[in-house]
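So you can see what is in the structure, the chains are spelled out below.
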Amino acid sequence: MTIKGYISEIFASFQGEGINQGVIEYFIRFSGCNLRCQGCDTPYALENSSSFEFEGHKYNNPITAKQLRDIFDRLFVQYKEIYPINLTGGEPLLQAEFIKEFLDTLNYPGKIYLETNGTLPKNFLIIKDYIDFISMDWKLSSVYKIDRSIWEAHKEFLKLTKGIKIQVKIIVSKDMDIEEFEEALKNIHKIRKSISLIIQPYTDGNNNFIGNFELYKSLFIKAEKYFSRVYLKPQLHKCLGIK
């Protein structure tokens, strides 16, 4: 049986987060998410959409892996450069079987990046062998107002990423629990020491960064106790007003 998937949007843009900021990537944003975090910056991708547009043409969801490959091929022809493909969402791992079928048909020489909330470890195993780089969120309940029980899934997911280059991103804000932040650092360090740790300021609905220098400095100093590669990285695309 042909597997079908739900797409929110497809485009090329500069990566706005983490260690790859400022590099052009091909983004495939999948619809649907298993979390409902306060302040989600892509709320339009939380539910499976009935359609999406690409180059002025409307496509009805769900689509086949072959249809997705054909659309990507058109994007690739536009740029003629082998940029990384970024699988993002929503939460792309909800559609891991569809992604596997798409990547099986792609025959693309570039790298495959995965952006994930890190709560679906079993689904990750379906596409693990295709992934060259992972950007994983570690969710603080004091920032996102979600149940901290998801940390168990975070830990299980992180254990499965060994051998793959990864950045772990923690969103921070002025109302956060500092002790929770440090506990997150300890949990991450216990599983994987050789990561890039991204401290990302939370932004409000008007793209204002929520925090201040003293907060960011204190968090940075705490993170340096555990990791050699720590970065404070606001969202570049929000600063530039682009996707």
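Before reading further, recall that the structure is shown in the block above.
Residues numbered from 1 in each chain as written. Predicted model: local features only at pLDDT ≥ 70, side-chain atom pairs only at ≥ 80, totals over all residues. Heavy atoms only, no water.

Student: How do you make sense of the pairing of strand 4 (residues 51–54) when you look at a structure like this?
Tutor: The side chains of a regular strand alternate, first on one face of the sheet and then on the other. Here strand 4 shows a buried face lined by Phe52 and Phe54 and an unburied face lined by Ser51 and Glu53. As paired strands, strand 4 and strand 5 (residues 57–60) are joined by four bridges and run antiparallel to one another. In the strand pairing of strand 5, Ser51 is matched with Asn60. Hairpin geometry of strand 4 and strand 5 is characterised by an intervening segment of two residues between the two adjacent antiparallel strands and by a positive phi of about 55° at Glu55. (Buried < 20%, exposed > 50% of the residue type's maximum accessible area, 1.4 Å probe, protein only. Helix = DSSP H or I, 4+ residues; strand = E, 2+ residues; numbered from the N terminus. Pairing = 2+ DSSP bridges.)

Student: Can you walk me through helix 6 (residues 178–191) in this structure?
Tutor: Helical periodicity: at 3.6 residues per turn, an α-helix aligns residues three or four positions apart in one direction. Between its first and last C-alpha atoms helix 6 spans 21 Å; for 14 residues at 1.5 Å apiece the expected length is 20 Å, and the two agree. Those residues of helix 6 that sit buried are Glu180, Phe181, Glu182, Ala184, Leu185, Asn187, Ile188 and Ile191. Check the buried side of helix 6 and you find it contacts helix 4 (141–144), helix 5 (151–159), strand 10 (165–172), strand 11 (196–201) and helix 7 (213–224). A side-chain oxygen of the first residue of helix 6 lies 2.9 Å from the backbone nitrogen of Glu179; this N-cap is Asp177. (Expected span 1.5 Å × (residues − 1). Contact = heavy atoms within 4.5 Å. Polar contact = N/O pair within 3.5 Å; in protein donor to acceptor, adjacent residues only side chain to side chain.)

Student: Even after reading the chapter, I still don't get the packing of aromatic side chains, so can you show me in this structure?
Tutor: In this description, an aromatic ring pair is defined by two values, namely the gap between the centres and the angle between the planes. For the coordinates displayed, the defined rule picks out 15 aromatic pairs. With centroids separated by 6.3 Å and ring planes inclined at 80°, the aromatic side chains of Tyr26 and Phe76 adopt a geometry described as edge-to-face. On the criterion of sequence distance, the pair formed by Tyr26 in strand 3 (residues 24–30) and Phe76 in helix 1 (residues 65–79) is long-range, its members being 50 residues apart. Residue classification places Phe76 among the partly exposed positions, given a relative accessible area of 26%. Each ring, one from Phe72 and one from Tyr108, has its centre 5.3 Å from the other, and the planes form 90°; the classification is edge-to-face. Of this pair, Phe72 sits in helix 1 while Tyr108 sits in the loop between helix 2 (96–106) and strand 8 (112–116), and the two are 36 residues apart along the sequence. An identical accessibility class is assigned to Phe72 and Tyr108; each is buried. (Phe/Tyr/Trp six-rings, centres within 6.5 Å; stacked < 30°, edge-to-face > 60°.)

Student: How should I be thinking about the pairing of strand 3 in this particular structure?
Tutor: Counting buried residues in strand 3 gives six out of seven residues, a clear majority hidden from the surface. Here strand 2 (residues 7–14) pairs with strand 3 via seven bridges, running antiparallel. Paired with Ala12 across the strands is Tyr26, a residue of strand 3. Of the pairings in the sheet, the one linking strand 3 to strand 7 (residues 85–88) comprises four bridges and is parallel in character. Within strand 7, the residue paired with Tyr26 across the bridge is Ile85.

Student: Quick question: what am I supposed to make of the sheet that holds strand 10 here?
Tutor: The pairing of strands in a sheet happens through backbone hydrogen bonds and is either parallel or antiparallel. Read across the sheet, eight strands follow the order 2-3-7-8-9-10-11-12 without closing on themselves; strand pairing throughout is mixed. Since the sheet does not close on itself, it has two edges, and those belong to strand 2 and strand 12 (229–232), each with one partner. The mean angle between the axes of side-by-side strands here comes to 20°, regardless of whether they run parallel or antiparallel. Note: strand 8 against strand 9 (residues 133–137), four bridges, orientation parallel. Along strand 9, the bridge assignment pairs Leu114 with Ile134. (Axes fitted to C-alpha atoms, helices over the stretch in contact; angles between N-to-C directions.)

Student: Would you take a moment to explain the nonpolar core for this structure?
Tutor: Burial of nonpolar side chains together is a common tendency in soluble globular proteins. Grouped together as the largest cluster of nonpolar side chains are 70 residues, with contacts concentrated most on Ile170 and Leu197. Those residues in contact with Leu197 that sit more than four places away from it in its chain are Val168, Ile170, Leu185, Ile188, Ala223, Phe227, Arg229, Val230 and Tyr231. (Core = buried A, V, L, I, M, F, W, Y, C linked by side-chain atoms within 4.5 Å.)

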